[in-house]
Structures are given as structure tokens and as C-alpha cells.
Amino acid sequence: MKFGGTSVADQAAIERLIALVRAERQAEGQREGGDARGPVVVVSALSGVTDRLLGVAAQAGAGDVEGARTSLQELRKRHITVSEVITDAALREPVVAALNREFDELERVVHALAVLQEVSPRWLDTLAASGEILSSQIVAAALTSHKLLGSWVDARKAIVTDSEHTAAAPLFQETTAALMAHADPPLAAGRIPVIGGFVGASAGGVTTTLGRGGSDFSAAIIGACLGASEIQIWTDVDGMLTADPRIVKSPQVVPHLSFAEASELAYFGAKVLHPATIQPAVARNIPVRILNSHRAQARGTLITGQRPPTERPLTAVASKKGVTVVDITSTRMLMAHGFLRRLFEVFERFKTSVDVVTTSEVSVSVTVDDPRRLPAIIEALSGFAEVAREEAMAIVCVVGDGLQRDPALAAGVLASVGDVPLRMLSQAASRRNITFVIRESDLPAALGRIHDKFFSEVIA
Ligand code: ADP
Ligand code: ASP
Ligand code: MG
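Residues numbered from 1 in each chain as written. Chains lettered and ligands numbered in written order. Predicted model: local features only at pLDDT ≥ 70, side-chain atom pairs only at ≥ 80, totals over all residues. Heavy atoms only, no water.

A.B. asks: It is not clear to me how the overall build of the protein chain should be interpreted in this structure. Could you clarify?
C.D. replies: In terms of helices and strands, the protein chain carries 16 helices and 17 strands. Over its C-alpha trace the protein chain gives a radius of gyration of 23 Å, about what one expects of a compact globule, namely 23 Å for 460 residues. On the principal axes, the C-alpha backbone points of the protein chain span a range of 70 × 60 × 40 Å. Expressed as a percentage of the 460 residues in the protein chain, the buried residues total 53%. (Helix = DSSP H or I, 4+ residues; strand = E, 2+ residues; numbered from the N terminus. Rg over C-alpha atoms; globule rule 2.2 N^0.38 Å. Buried < 20%, exposed > 50% of the residue type's maximum accessible area, 1.4 Å probe, protein only.)

Set out below in C-alpha cells:
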């Protein structure tokens, strides 16, 4: 059971979490052939805390020690207040002591970074990880004080990753062994392991993080490594919605998705699920459920290998803002063999992934959503081609089986977008989705029109 930031935001949220864990444990105990063990609880940092910690890092790096210390003091106060959800004083005291130690240490880090005037990715991870390290200790003790026997598991011991700071990848064999050593014993003893999401450590023991939104991925890694019967993502919406609720008015819940559909939606911007979450679930064929911690009675979204066919032509539409289009033009070389390899090698060398690719006779266009290494990439590409970039673009990805069944549907989707200029357009071999790139400022209009045309009637 993974609980996101808003699901552990304050004492009331953690009390809801406790009630949900209790209900799950009771249901599991009564289920025929049910395994009375578990669940394992994975938590994010309290809502907003990761952003604040990254802000502290930026302040420290800019030499603003006072600003950084003020932010840390506010965070310290908030965590100590939230720790009052641990009703038993004997359980709360050691947690408050641990919180204070962690914040004392963060203050020392801030001073060191202010002297260096530079924050390396390694230090960013150390700072950002403390959000989950703190929240998980509070939740573990809160469960115990509510008679559910939580057991804190340090994610830095349980999740083993490579050393790619701020975007580390898990090492599954090592993580399985670490989880068997640290999470399995409490499970076997009838306790409920509580692990901070997002966080891991390299084999050498240096703290890493899995990338923003990575707690979902942690939950899936843990579920796969421990052979869970289900991976539950508890969040602040009723499930995977037909479109981003921050952009489209009243989107609907999609009751059932296949792994492939969910992966595509997550990859192209459905923030409710971190894009890597589905991989571990697919590897072990474990169902994933997205549920609302504020409305446990809502049925949520179930994600499995196959899903029952529906009448609906389209399943959902995902979108991603803040995308940069890079146009690479070479009259001389495009058709020469080896050109594409040379081009993509540049992106590979700078560890930047491209999301959408289109080609014409003389040019290749790609989208990049992490612009950090773009200047270096453009310089390298300029050695053999003309390069132009355009920022503030958005990707729209429309997913649905109907695209396979009905050859006219793709045209219908594009027609519904009306006069919004399309910058790039691609349809994958799976023909399960069409993806196009437009200006970010056109996104609300484009999504609204697609949604009105294809999702307005209620799902059965
Ligand atoms: P958590 O902190 O629980 O991980 P996130 O903020 O990461 O929650 O993800 C949930 C949010 O994702 C929702 O509040 C919603 O605004 C956003 N979102 C974007 N696209 C979708 C979508 N297609 N379905 C559901 N939520 C979406
Ligand atoms: N707390 C981390 C973030 O905000 C990880 C997560 O919540 O999934 O990115
Ligand atoms: Mg999230």
C-alpha cells in the first residue's frame, strides 16, 4: 500500500492511512487462502516537503544560509506537530529525537553547501531523501500506537540502486536480497513494514533517489521483489482519469486498464502514476490498483495484463507540458545510412531520453522533456547538422483500443482538435495510441475538445 504526499500530509491524513491499513489487514485475514501477512506500507514525504527540501538546497547553493535555515525550521516544526499522531508518548519520544537529529544534520549540510556554493546531485539526493526518511518513521510509530505494529524499514538499506543520482535505477537482485533481510523478518513476525518511497542507496551505501514522483516506483519494486498479491497506489483522486483534472473539467475514472495502456499514459504525463511503476508489476504479473485515500469507497482503477474489452473507442488522454522540440536538419546526410545512429548517439552520450520522434526527408524532430543537457547536445549535433529548438511545447497522447479497430478514429481525433496547429504527429506500431505535439498554450483547448467529443458520456 503506497500513500502519496497528500495521503500523509497531516495528522488527519495519517489517521485515514491507519484506518485503511487496518481494513486491508482485516480483509486479508478473512479472505479465503488469504495471506495474513502484511501489508507493506510505502510512504511519500509529507505533501510539499520534497519541493521545500530542494528549495533549501538551492538556497544553500546560492549562499542564502538564513533562508535555508528558516525553511528547515518550518519543516522541523511541521514534522514535530504531525508526529502528534503517535498517541503513545513512549513511542513518540524516540521519533521526535530522530527528527531533531535529522534536522540538526540537515543544518550542518546547509552550512557546508553554502561554503562550497554548489550542490552536486549527490547532495541533492541526501537532502531530498530526508522527506521520506522522516515521514516513514512517523507513520511506522503511528501504526504501532494505534495497535497495528508498524516496523520502520530504512529505505537506504532496503532499496539498492545504481549511482545515477536524482534518477537512480534499482538493482533488482540486490534489492530482493536486501528486502528479504530487512522487510521480510518483520512481515514474518506479523508486523507491518513501513518504508519511505523514492529513496535508495548505492551498493556503497550512498543515498540516492529514484526521480520525482518515484514513490510509486518504490512500491512496485517492493511489491515485485516480495511477491505481493497486489500493489495499491493511494492518492488524492479516484483513479486514473480520462484526462488531467488540472486541465480538463470533470474527467471520469477509467475502471480498468491494461499494463500497456497504463504505461503509455504514465509515460506521456498522467502524473498519478510514475512512468516506471508498471515495469516491475508486469515482470511478476501483479495487479496495480489506484485508489483515493480520501474516498476509500470509490472503486478506483485496476491495472492488469489484459482488461475486458469495452465499447469505448478511446481509453484516456495524457499530456505533458514543458517539452522542448529539437529539429535537426541536414540536407546532405539524412538519407545516408548511419545518420540516425550518429544523431541518437549524441542523446545517449548526454543521457537524455527523447519521447516523440518524427522524420521527413531532410529533418528529424525529437522532443525532450529534461532540458538540462540540451546546450551540450545542441553543440554536439551542430557538428554535423543544423539544429533549432522550440520550448514551451506539450505532448498529447491519446490511448485506446478503438484506434486499432477503427481506421477512421485517428482522423476523428485530429479533426476534433480543430484549428490548433500540430507541430509533430506520430502513431506507434501498436496503433494503440496517437501522439502529437502542440504549443503548451494550446493544451487546454486541445484537451477540452478531445474530451468533449470522446469522453462526455458516462462510463458504465
Ligand atoms: P501522490 O502525491 O499521491 O503521488 P501525485 O500528485 O503524484 O499524487 O498524482 C496525483 C495527481 O495526478 C492528481 O491529483 C492529478 O492532479 C494528477 N493527474 C494528472 N493526470 C491524471 C490522470 N490522467 N488521472 C488522474 N490524475 C492525474
Ligand atoms: N516525494 C517525492 C516527490 O515529491 C516522491 C513521491 O512523492 O513520489 O517527488
Ligand atoms: Mg506521485
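Alright, that's what it looks like, and here's the rest.
A.B. asks: Whenever I open this one, helix α4 (residues 89-116) confuses me. Can you help?
C.D. replies: One turn of the α-helix equals 3.6 residues, which is why residues spaced by three or four share an orientation. Along its 28 residues, α4 runs 40 Å from first to last C-alpha, staying within 8% of the 40 Å computed at 1.5 Å per residue. For α4, the full list of buried residues reads Val95, Val96, Ala98, Leu99, Glu102, Phe103, Leu106, Glu107, Val109, Val110, Leu113 and Ala114. For α4, the side-chain oxygen to backbone nitrogen distance between the N-cap and Ala90 is 3.0 Å, and the N-cap itself is Asp88. Immediately beyond the C-terminal end of α4, within one or two residues, lies Gln117, with a positive phi of roughly 55°. (Expected span 1.5 Å × (residues − 1). Polar contact = N/O pair within 3.5 Å; in protein donor to acceptor, adjacent residues only side chain to side chain.)

A.B. asks: Explain the sheet that holds strand β14 (residues 363-368) here, please?
C.D. replies: Neighbouring strands of a sheet are bound in pairs by backbone hydrogen bonds; such pairs are parallel or else antiparallel. Reading across the sheet, the six strands line up as β13-β14-β12-β15-β17-β16 and stay open at both edges, with antiparallel pairing between neighbours. Strands at the two margins of the open sheet, each flanked by one partner only, are β13 (354-359) and β16 (424-427). Pairwise comparison of adjacent strand axes, ignoring direction, gives a mean angle of 30° for this sheet. The sheet contact formed by β13 and β14 spans four bridges and is antiparallel. The residue of β14 that forms the bridge with Val354 is Val368. Sitting on the sheet, helix α12 (residues 339-349) touches β12 (316-329), β13 and β14, and the angle it makes with β14 is about 20°. Where helix α13 (residues 374-382) meets the sheet, it contacts β12, β14 and β15 (386-399), and its direction lies at approximately 120° from that of β15. (Pairing = 2+ DSSP bridges. Axes fitted to C-alpha atoms, helices over the stretch in contact; angles between N-to-C directions. Contact = heavy atoms within 4.5 Å.)

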